[in-house]
Amino acid sequence: MTRKIQIFDTTLRDGEQSPGASMNTEEKLVVARELLRLNVDVIEAGFPISSPGDFESVRRIAELAGDQATVCALTRAVEKDIDSAADALKYAKRPRIHTGIGVSPSHLQDKLRITEEECLKRTAHCVSYAKQFVEDVQFYAEDAGRSDYDFLVRVIQTAIDNGATVVNIPDTTGYSLPEEFGRRIKYLMDNVNGIENVTVAVHCHNDLGMATALAMEGVKNGATQIECTINGLGERAGNTAMEEVVMAIRMHEQELDAHTDVNTREFLKASRLVSSITGMNVQANKAIVGANAFAHSSGIHQDGVLKKRDTYEIIDPADVGAGQSQIVLTARSGHAALKHRLEELGYELDGEALDQVYGAFLDLADKKKEVYDEDLESLVNERDRNENAIYMLEGVQISCGFPLTPTATVTLRNQADQVVTACEFGTGPIDAMCKAVDKIVQVDNDLTEYAVQSVTRGIDALGEVTIRVTDPSGSIYTGRGADGDIVVSSTKAYLNALNRLLNDKKEHRR
Ligand SMILES: [Zn+2]
């Protein structure tokens, strides 16, 4: 039997920290359910001290996971952070506190302004302090990738001596070269007493495009936990992509002496779900989950793959859940059929929620006849986006063309049930629509990105619009909207972004 590599997912913590990818508690729960279907070992659910929303997400995910997965909460090496994490994890069946401190010269001198001795003292204290609350304490040595080898040995030794059960060696800045990073892990394995009795984890960033390679070098040299995210979401250039490391381990199980327990058939769905919720689109040539990952356009390749798949394809698309999209439902399908198919897709909807999605489904089925899984996912996500909305779209009407002046009339309903209509003209239909919405919502922002994508193939497909706005403080908010009419999707997406901005402001005022 090969070594079991634990998959520690941090989509909800590190992933959520990527600019414009913030999720509310309901959205995080949807992702957490998918993580449980993927059968990951650990879910890092958030950073409880950072906001009431993060605290609540950790608490609810801990409840949801039961004994299916370890639920982990992040802290700094600060008592109040650890208290808050312990509190959020109070009802978790398998709680883990993730605490730690910067260890590189840059972090010690410029960020923390402390000596090496002070850093060791804080390491000992944060681990033993967390240990009062939970048995499972994970320690991270932030920016380990740029730290001194011997000092890192002393820090990790201190963490283990004080009861850490997992030690996390992150390349926080994505600076390392794979071979050197592997050497670092090996150095720890050879020089820290008792390291064989704890789990060694790697957490790598993709600033040089090497996150997956770094994680694999870690595994080769003794790490048995990989921290990663769906689609490689994460700070800056992102984190290690779960689908990449898991498939790499699967392709090379014997050489690496490693396996994972991840249900890889969920990868495509998980990827679509996370990109739909966060508005972070996946590039077409992304490994494993990109739209082109299994597409062959050269005649020579096509001929080869048709004769025998593995001439040009190392992965069976079915193993990652690709190529299974089917026509599932039509306008004649009833409530029960829809509920059943949604359950197969992993969505549990009842009562009013199911009625709302059914209504939207009938509308869509009327227009486009054949409804695919991706359409259903889009409808459910559309409904979720309307939860907690401060402004709802009641109507939008646009007139544009040549030589008309583009004009938009928008009607919105606020939470007090007041209906307001505004009319504006602009340089184009989207500009006119945004101006009309702004006239009602009146929140300062800059629209920085606009993209439209079709959910499925065909001229009658749903159009999904992603909009990013930046508020005066520089925070980025992403909005999405789906509809058969892209003017309507655009309006929904813009409102979704503004609703997120407004909700975020409300939360931080508390
Ligand atoms: Zn990170």
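This text follows the structure it describes.
A few points on the structure. (Residues numbered from 1 in each chain as written. Predicted model: local features only at pLDDT ≥ 70, side-chain atom pairs only at ≥ 80, totals over all residues. Heavy atoms only, no water.)

1. Some points on the sheet that holds strand S2 (residues 6–9)
Worth spelling out the cut-off: Two strands make a pair as long as DSSP finds a minimum of two bridges between them. Strands are runs of DSSP state E lasting at least 2 residues, helices are runs of H or I lasting at least 4, and numbering of each runs from the N terminus. Only the stretch in contact is used when a helix axis is fitted, and all axes are lines through C-alpha atoms; the angle between N-to-C directions ranges over 0 to 180 degrees. Residue contacts are defined here by distance: any two heavy atoms, one from each residue, within 4.5 Å place the two residues in contact.
One closed barrel accounts for eight strands, arranged S2-S3-S4-S5-S6-S7-S8-S9; its pairing is parallel. Here the strands of the sheet are splayed against their neighbours by 25 degrees on average, with no regard to which way each runs. Taken together, the four bridges between strand S4 (residues 70–74) and strand S5 (residues 95–102) define a ladder with parallel strand orientation. In the strand pairing of S5, Val 71 is matched with Pro 95. Sheet contacts for helix H5 (residues 116–131): S5 and strand S6 (137–142); angle to S5, the most-contacted strand, approximately 170 degrees.

2. Overview of the coordination of the zinc ion
Around a metal, the ideal angle is 109.5 degrees if four donors adopt a tetrahedral arrangement and 90 or 180 degrees if six donors adopt an octahedral arrangement. We count it as follows: Note on donors: an N, O or S atom is included if it sits within 2.8 Å of the metal, or within 3.2 Å for Na, K and Ca, and water is never included, so sites can look incomplete. Relative accessibility decides the category of a residue: with a 1.4 Å probe and only protein chains considered, values under 20% of the type maximum give buried, values over 50% give exposed, and everything between is partly exposed.
Distances from the zinc ion to its protein donors, Asp 14 (OD), His 203 (NE2) and His 205 (NE2), fall at 1.9 to 2.2 Å. We note that the donor set of the zinc ion lies within a single chain, spaced as D-x188-H-x1-H. The exposure class of His 203 is buried, given its relative accessible area of 5%.

3. Description of the pairing of S4
Each regular strand carries side chains that alternate between the two faces of the sheet. Rules: Orienting the strands away from the viewer, one traces the path from the first strand over the helix to the second; a clockwise path indicates a right-handed crossover.
The buried count for S4 comes to five of five residues, which makes it a mostly enclosed element. Alternating positions in S4 separate into two faces, Thr 70, Cys 72 and Leu 74 on one and Val 71 and Ala 73 on the other, with burial throughout. Direction of pairing for strand S3 (residues 42–46) relative to S4: parallel, over a ladder of four bridges. Along S4, the bridge assignment pairs Val 42 with Thr 70. Between the parallel elements S3 and S4, the chain passes through helix H2 (residues 52–65) in a crossover that is right-handed. Viewed along the sheet, the connection from S4 through helix H3 (residues 79–88) into S5 turns out right-handed.

4. Description of the side chain of Glu 27
With respect to the helices, strands and loops of the structure, Glu 27 is situated in helix H1 (residues 25–38). Not counting residues up to four positions away in its chain, the partners in contact with Glu 27 are Ser 22, Ile 277 and Arg 500.

5. Observations regarding unusual backbone geometry
Across the junction of Phe 402 and Pro 403, the peptide omega takes the value 0 degrees, indicating a cis bond. Relative to the helices and strands, Pro 403 is located in the loop between strand S13 (391–399) and strand S14 (407–414). We note that Arg 113 has phi near 55 degrees; this positive angle belongs to a residue other than glycine. Tracing the chain through its elements places Arg 113 in the loop between helix H4 (105–112) and H5. The backbone of Asp 143 sits at a positive phi, close to 60 degrees, despite the residue not being glycine. With respect to the helices, strands and loops of the structure, Asp 143 is situated in the loop between S6 and helix H6 (149–161). Its relative accessible area of 0% is what places Asp 143 among the buried residues.

6. Here we look at the pattern of salt bridges
The condition that has to hold: What makes a salt bridge here is a side-chain nitrogen of Lys or Arg within 4 Å of a carboxyl oxygen of Asp or Glu, nothing more.
Under the defined criterion, the tally for this structure stands at 46 salt bridges. Among the ionic pairs, Lys 269 bridges to Glu 34, the shortest N-O distance being 3.5 Å. A residue pair is termed long-range when its members are at least 10 positions apart, and Lys 269 in helix H11 (residues 267–278) and Glu 34 in helix H1 qualify at 235 residues. Glu 34 matches Lys 269 in its accessibility class, with the two residues each being buried.

7. Notes on empty space enclosed by the protein
Put simply, the rule reads: Buriedness of a pocket was judged along seven lines, with at least five required to meet protein on both sides within 12 Å; pockets are open sets of points on a 1 Å grid over the protein atoms alone, cavities are sets where a 1.4 Å probe fits but cannot get out, and lining residues have an atom within 4 Å of a point. Grid points are joined across faces, edges and corners, and a volume is the space filled by probe spheres set on the points. Gly counts as polar in this scheme, as do all residues outside two lists: the nonpolar Ala, Val, Leu, Ile, Met, Phe, Trp, Tyr, Cys and Pro, and the charged Asp, Glu, Lys and Arg.
By the definition in use, this model includes two cavities of 30 Å³ or more. One number sums up the size of the largest cavity: a volume of about 50 Å³. Per-element accounting of the lining of the largest cavity gives the leading share, three residues, to helix H15 (residues 373–386). Across the lining of the largest cavity, the residue classes break down as two nonpolar, two polar and three charged. A volume near 40 Å³ is recorded for the second largest cavity. If you go around the second largest cavity, the residues you meet are Glu 34, Arg 37, Lys 269, Leu 273, Leu 345, Gly 346, Tyr 347 and Glu 377. Mapped onto the lining of the second largest cavity, the elements with two or more residues apiece are H1 and H11.

8. Describing the sheet that holds strand S17 (residues 463–470)
Reading across from one edge, S16-S17-S18 is the order of the three strands in this open sheet, with antiparallel pairing throughout. Each edge of the open sheet is held by one strand with a lone partner, namely strand S16 (446–454) and strand S18 (476–483). Neighbouring strand axes in the sheet, compared pairwise and without regard to direction, differ in orientation by 15 degrees on average. Relative to S17, S16 is paired through eight bridges, and the arrangement is antiparallel. Bridge pairing in S17 places Glu 449 opposite Arg 468. Helix-sheet contacts for H15 involve S17 and S18, and the interaxial angle to S18 is about 130 degrees.

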